[in-house]
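Notes for the structure review
Below are the chains, spelled out letter by letter.
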Amino acid sequence: MTTELESSPHPITIQEHILNQQRTHATATGGFSWLLSGITQAAKIISASVRRAGILDVLGDAGDSNVSGEQQQKLDILANKSLEMCLGFRGNIGVIASEELNEPKVVPKSGASGKYVVIFDPLDGSSNIDVNVSVGTIFAIYERDTTGFNGFDAVADVLQPGIKQLAAGYIVYGSSTVMTYTTGNGVHMFTLDPSVGSFVLAFENIKMPETGKYYSVNEANYNSFPKGYQEYLKWCKTEEAGPYSARYIGSLVADFHRTLLRGGIFLYPPTAKAPGGKLRLTYEANPIAWLAEQAGGEANDGKMRILEKVPQSVHDRTPLVVGGKKDVARLMKYMEMYGDEDVPQASTKAATKATAKAVAK
Ligand code: P6P
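The sections below set out a description of the structure shown in this document. (Residues numbered from 1 in each chain as written. Predicted model: local features only at pLDDT ≥ 70, side-chain atom pairs only at ≥ 80, totals over all residues. Heavy atoms only, no water.)

From N to C terminus, the chain includes 10 helices and 17 strands. Buried positions account for 52% of the 361 residues belonging to the chain. Taking the intrachain contacts of the chain between residues at least 6 apart in sequence as the baseline, contacts between residues at least 24 apart amount to 65%. (Helix = DSSP H or I, 4+ residues; strand = E, 2+ residues; numbered from the N terminus. Buried < 20%, exposed > 50% of the residue type's maximum accessible area, 1.4 Å probe, protein only. Contact = heavy atoms within 4.5 Å.)

The subject of this paragraph is the packing of helix α3 (residues 31-51) against helix α4 (residues 74-88). Relative to each other, α3 and α4 sit at 150°, their axes nearing to 8 Å. By the angle between their axes, α3 is roughly antiparallel relative to α4. Crossing angle aside, the handedness with which α3 passes α4 is right-handed. Residue-level contacts link Leu35, Gly38, Ile39, Gln41, Ala42, Ile45, Ile46, Ser49 and Val50 of α3 to Leu75, Leu78, Ala79, Ser82, Leu83, Met85, Cys86 and Leu87 of α4. Partitioned by chemical class, the residues of the contact of α3 with α4 number 13 nonpolar, four polar and no charged. (Axes fitted to C-alpha atoms, helices over the stretch in contact; angles between N-to-C directions. Parallel < 35°, antiparallel > 145°, perpendicular 65-115°, else oblique. Left-handed = near helix turned anticlockwise from the far one by under 90°. Nonpolar A, V, L, I, M, F, W, Y, C, P; charged D, E, K, R; others polar.)

Our focus in this paragraph is the sheet that holds strand β7 (residues 167-173). Spatially, eight strands are ordered β4-β3-β5-β6-β7-β8-β9-β10 in an open sheet, and the strand pairing comes out mixed. Each end of this open sheet is capped by a strand with a single partner; those strands are β4 (105-106) and β10 (198-203). Bridge count for strand β8 (residues 177-182) against strand β9 (residues 188-193) is four bridges, and the pairing is antiparallel. For Thr180, the partnering residue across the bridge sits in β9 and is Met189. (Pairing = 2+ DSSP bridges.)

Turning our attention to the packing of aromatic side chains. Centre-to-centre distance and the angle between the planes together describe a pair of aromatic rings. Tallied over the full model, the rule gives nine aromatic pairs. Ring plane angle 55° and centroid distance 5.6 Å describe the contact between Phe32 and Tyr116, whose orientation is recorded as tilted. With Phe32 in helix α3 and Tyr116 in strand β5 (residues 116-124), this pair connects stretches of sequence that are 84 residues apart. With a relative accessible area of 12%, Phe32 lands in the buried category. Judged by its relative accessible area of 6%, Tyr116 is buried. Relative to Phe256, the ring of Tyr170 has its centre 6.0 Å away and its plane inclined at 85°; by these criteria the two rings are edge-to-face. Of this pair, Tyr170 sits in strand β7 while Phe256 sits in helix α7 (residues 252-262); the two residues are 86 residues apart in sequence, bridging distant segments of the chain. (Phe/Tyr/Trp six-rings, centres within 6.5 Å; stacked < 30°, edge-to-face > 60°.)

What follows deals with the environment of Gln22. Here Gln22 is to be found in helix α2 (residues 14-22). When the C-alpha atoms of Gln22 and Ser33 are compared, they prove to be 7.2 Å apart, with 11 residues separating the residues in sequence.

On to the site of the ligand, then. Asp124, Gly125, Asn218, Tyr248, Gly250, Ser251, Leu252, Phe266, Tyr268, Lys278, Leu279 and Glu284 make up every residue found near the ligand. Within the side chain of Lys278, one N or O atom sits 2.9 Å away from an oxygen atom of the ligand. Coverage of the ligand by the protein chains reaches 81% of its 400 Å² of free accessible surface. Taken together, the residues that form the shell around the ligand break down as five nonpolar, four polar and three charged. (Near = heavy atom within 4 Å. Polar contact = N/O pair within 3.5 Å; in protein donor to acceptor, adjacent residues only side chain to side chain. Areas by Shrake-Rupley, 256 points an atom, 1.4 Å probe, with all protein chains shown as cover.)

Right, here's the structure in full:
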């Protein structure tokens, strides 16, 4: 008689998957897998804290703000410390950069010998924690220039275009904790099994649907979107389009996770408040863009491919368009038709005022 264990399929853990992936890289030495295990370890610590947020004293503001002027949540600090601790002992990481660190940090235990750079947003969407909405960790891994060409300049090591990523991924702390990553050989998704504390393979070689029925954008900013975005969103609401359904969680990792699995399009256009876009290039847009492309989707800033943008500073912001190939292509037709023609603020303000006056009667 076969036991349940014998009859169940062999659960592939993320460590086993990463080692298998590594065997496809001729130059791989095992250090890369060791580095990624630092991220999965930190993810388990963060997941445990997020899931006890109401019990542990980790909810609410930390009483300080980050370099972007955003109110730091207590869990932001905890998540950042967890990643710094778990990555700091890997011995092969030379530099880390984080949304919660003003400047990139040379890892003391590795120093100049550390060949990898790890850039992360430790807890994206953390303002949603207090209302129990999904949040996430986003990471990107690069190789450091250890030739000394840039004089072991930590900042220069971080300001690399997304096309140079060696690995990228996210962990979404939702109804379950799911880790998705790519090393350039497709996109693979793992669910944390809390009963054994392992990330177990859920989906391999995920392909994003070329077109979906969801658009995801904060429409409160509609009046200040460039006209190309406005005209595209008007199309999404027509009978010809279906119409699409609007889905917006306000947590990039959760909105992208849905887009990756169900298709559709996510937009964070330029707005009056963030004319250069709100999302950060190095630790939000680049990892998300590479995952999208590896799954057959596309990601741009309304003009150019995200992965080809060269960051000018660690916390650079960018507009972000990411989704299925056909959905993104349709938006780009509107962007070509209207360019990033700004909607004259005066006309929208006057029109809004006139309409509000008419409605009030
Ligand atoms: P808005 C969360 O603060 C975040 O950085 C992303 O996770 C999310 O996509 C975006 O900002 C939401 O911004 O302006 O719509 O609240």
